[in-house]
Amino acid sequence: MKLGLALPTFGPDADPEGIVRVCRTAEELGYDSLWTGDRVLAPLVPQAPYPSADGQMPRVYENHMDPLVALTFAASHTTRVRLGTSTLNGLWQPPIMLARSLTTLDLLSQGRLIVGLGLGWMPDEYTAVSVPWKGRGARLDETLEVLEKYWANDVFSHEGPLFTVPETVVGLKPRQRPGPPVLLAAFTPSGLRRIGRRFDGWLPVALPLPQLLGMWDVVLKEAAEAERDPSALRMALRVNPQLTDTKTDPERMPWAGTLGQYIDYARAAAESGVHELFMDFGQTPATPAERVDLAGRFLEGVRQG
């Protein structure tokens, strides 16, 4: 199982020095990937509760960097690690603009991009970017269609319910062919079906492994029914640890526990067939130096298993 780290693109440590420090840590320690998330708004009173136990959006999201610009900066300070979005809200801009940005980043990083798309949870952000909240699934499907055409063809056009692209020459091509892998963060039945039938993999957040693997089985079944190769799909699992000094009850994992409990969770995930797992230590109340130490201890613990 590959292991990754989240870049500090949220909160008080979201600055150039923090990103460079995590980039160097990842490459020196032997991590496989670096990841960013996406926010454009931190409303005082959101229209919908944050998808967590207490429904409160973490304060770190009040300070947020552009994920693709941050990954481009990270690409210039690394040579080996893959660069992923978990997740990029791909509906907030026209798909032709998204295609250009993603292609540029894959080219500049020499083929290290992993495109992780999500639909978000907050209607307020859609209001802020003048994109309708309703019809997100259909907008996602058409966005993916434009991306695939842009990457696959030297000349293409698109005429759809939402977007029109006049016939155009596309000289810019990604390093990865036919394009970078595109994963989707989704948990609803329709979202899991969409992953199996259209996407290259799944971007879940940490759940108890039986629940997680049950949803993954749905994805694989849908892929087989669509006559796709289920073994070609990949799961990249995000873990947002809430670290405690003492062991928590097993029922509280993976939402809260000691570093050792998260190491055990990662080992069990690897044995269960999870392809990649990445940790976001940026949401823990620790200094940058302490987070680097946590990253080293976590990697050593998992690898020793």
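Residues numbered from 1 in each chain as written. Predicted model: local features only at pLDDT ≥ 70, side-chain atom pairs only at ≥ 80, totals over all residues. Heavy atoms only, no water.

So, about helix H6 (residues 189–198). Within H6, burial applies to Gly191, Leu192, Arg194, Ile195 and Gly196. Buried positions along H6 lie against helix H5 (136–152), strand E8 (182–184), strand E9 (201–202) and helix H7 (209–225). (Buried < 20%, exposed > 50% of the residue type's maximum accessible area, 1.4 Å probe, protein only. Helix = DSSP H or I, 4+ residues; strand = E, 2+ residues; numbered from the N terminus. Contact = heavy atoms within 4.5 Å.)

Looking now at the side chain of Asp280. Note on placement: Asp280 falls in the loop between strand E11 (276–279) and helix H9 (288–304). Accessibility expressed as a relative area gives 6% for Asp280, which makes it buried. Reaching out from Asp280, the side chain makes a polar contact with the side chain of Arg238 at a distance of 3.1 Å. When residues no more than four places from it in sequence are discounted, the contact partners of Asp280 are Ala6, Arg238, Val239, Asn240 and Pro241. (Polar contact = N/O pair within 3.5 Å; in protein donor to acceptor, adjacent residues only side chain to side chain.)

What follows concerns empty space enclosed by the protein. By the definition in use, this model includes two cavities of 30 Å³ or more. One number sums up the size of the largest cavity: a volume of about 240 Å³. Ala6, Pro8, Val22, Pro288 and Arg291 are, among the 19 residues lining the largest cavity, the residues nearest its centre. Those elements giving two or more residues to the lining of the largest cavity turn out to be strand E1 (2–6), helix H1 (16–29) and H9. In terms of residue class, the lining of the largest cavity is made up of 12 nonpolar, four polar and three charged. Each pocket or cavity is described by its volume, and for the second largest cavity that value is around 60 Å³. For the second largest cavity, the full set of lining residues is Leu7, Pro8, Thr9, Phe10, Val60, Tyr61, Asp280, Gly282 and Gln283. Its residues assigned to classes, the lining of the second largest cavity shows five nonpolar, three polar and one charged. (1 Å grid on protein atoms, 1.4 Å probe; cavity = no way out; pocket = protein on both sides within 12 Å on 5 of 7 lines; lining within 4 Å. Points joined across faces, edges and corners; volume = space filled by probe spheres on them. Nonpolar A, V, L, I, M, F, W, Y, C, P; charged D, E, K, R; others polar.)

In this approach, a probe sized like a water molecule rolls over the atoms, and the result shows the empty space that is left. In this structure, the largest pocket spans a volume of roughly 1600 Å³. Every residue lining the largest pocket is counted, 50 residues in all, and those nearest its centre are Tyr50, Pro51, Ser52, Val205 and Asn240. Counting only elements with at least two residues in the lining of the largest pocket, the list comes to H5, H6 and strand E10 (234–239). Classifying every residue of the lining of the largest pocket by side-chain character gives 26 nonpolar, 16 polar and eight charged. The calculated volume of the second largest pocket comes to roughly 280 Å³. Every residue lining the second largest pocket is listed: Lys2, Trp35, Arg82, Ile114, Pro181, Leu183, Asp200, Arg234, Met235, Ala236, His275 and Glu276. The leading source of residues in the lining of the second largest pocket is E10, at three residues. Residue composition of the lining of the second largest pocket, by class: six nonpolar, one polar and five charged.

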